[in-house]
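# Architecture at a glance
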Amino acid sequence: APLAVDPRPISVVCRNKQGQFRPLVRMIRCLCASCHNATLEGRHEEFDPRKWEAHCGSVAKKWKSSIKVVIDPGKGFLGGEGYQDIPIGKWLEMQDDGMTPAQAIAAAVETNRMNEAAAKAAAGLIDTPPPDAPVDPFDPKEAAAAAKDLRDAFARASSKRAGLRV
């Protein structure tokens, strides 16, 4: 069967293999070296997600979570700094809820950002926000303690960056 034409293929990955997901037909064109050679020889066909997951070497049989939609490929190479992805099952849910691809990507980026912040807070890498009670600026001890906490937090953050001094 000829490769289906989809005006907006979506970049996907599974176990370090790249592909192009075609949402209109829900098929994946593999971009690995052997499939690329088969395409050049005119004998390559697209995979449905289950078969592509197996082709990539996954034995999980959970294609909706093992295949990831690439939201941001990162800098320099796939998986570089700034890389973001989302499970294809979640992406399909967003599509089924009526989101455009751009809206689904924006929602996924926000979800990833919130998950990363929560993970950092849980690991103690960032300070959790103080309780809702504001600092009383007329209480010198409380104001001094808040200022010290702020200086300490800034010092920890700045020490990780070259060239900044506190």
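On a predicted model such as this, the values are computed, not experimentally measured, just so you know. (Residues numbered from 1 in each chain as written. Predicted model: local features only at pLDDT ≥ 70, side-chain atom pairs only at ≥ 80, totals over all residues. Heavy atoms only, no water.)

Helix and strand counts for the protein chain come out as 6 helices and 5 strands. What you see in the protein chain, going N to C, is helices and strands ordered as β-β-β-α-α-α-β-β-α-α-α. Taken over 166 residues, the protein chain has a buried fraction of 24%. Contacts in the protein chain between residues far apart in sequence, at least 24 positions, make up 34% of those at least 6 positions apart. (Helix = DSSP H or I, 4+ residues; strand = E, 2+ residues; numbered from the N terminus. Buried < 20%, exposed > 50% of the residue type's maximum accessible area, 1.4 Å probe, protein only. Contact = heavy atoms within 4.5 Å.)

To continue, consider the packing of aromatic side chains. The tally for this structure, following the rule as stated, stands at 1 aromatic pair. Summarising the aromatic geometry, the rings of Phe-21 and Trp-91 are spaced 6.3 Å apart at their centres and angled 85° between planes, so their arrangement reads as edge-to-face. With Phe-21 in strand β2 (residues 17-22) and Trp-91 in helix α4 (residues 88-96), this residue pair connects regions lying 70 residues apart in the sequence. Overall, Phe-21 belongs to the buried group, its relative accessible area being 1%. (Phe/Tyr/Trp six-rings, centres within 6.5 Å; stacked < 30°, edge-to-face > 60°.)

This brings us to unusual backbone geometry. What is expected of a backbone is that most residues other than glycine have negative phi and most peptide bonds are trans. Positioned with a positive phi, Arg-26 is a non-glycine residue whose angle comes to about 50°. Structurally, Arg-26 can be placed in the loop between β2 and β3 (27-30). The class for Arg-26 is partly exposed, based on a relative accessible area of 38%. For Lys-61, which is not glycine, the phi dihedral falls at a positive 55°. Within the secondary structure, Lys-61 sits in the loop between α2 (49-55) and α3 (63-66). With a relative accessible area of 74%, Lys-61 lands in the exposed category.

Let us look at the pairing of strand β1 (residues 10-14). Burial runs high along β1: 4 of the 5 residues are buried. Where β1 and β2 come together, 5 bridges link them in antiparallel fashion. Residue pairing across strands places Val-12 opposite Gly-19, the latter belonging to β2. Between β1 and β2, which pair antiparallel and follow one another directly, the connecting turn spans 2 residues, one of which, Arg-15, has a positive phi of 50°. (Pairing = 2+ DSSP bridges.)

Let's shift gears to the sheet that holds β3. The antiparallel open sheet is built from 5 strands, whose spatial order is β3-β2-β1-β4-β5. At either end of the open sheet lies a strand with only one pairing partner, and these are β3 and β5 (84-87). Direction aside, neighbouring strands of the sheet carry axes that sit 40° apart on average. As paired strands, β1 and strand β4 (residues 68-72) are joined by 2 bridges and run antiparallel to one another. Within β4, the position partnered with Val-13 by the bridge is Lys-68. Along the sheet, α4 contacts β1, β2, β4 and β5; its crossing angle with β5, the most-contacted strand, is approximately 75°. (Axes fitted to C-alpha atoms, helices over the stretch in contact; angles between N-to-C directions.)

With that out of the way, let us pick up the environment of Cys-14. Residue placement: Cys-14 occurs in strand β1. When the C-alpha positions of Cys-14 and Pro-87 are compared, they lie 10.0 Å apart, and in sequence the two are 73 residues distant. Excluding residues that lie within four positions of it along the chain, Cys-14 makes contacts with Trp-52, Glu-53, Cys-56, Ser-58, Ser-66 and Ile-67.

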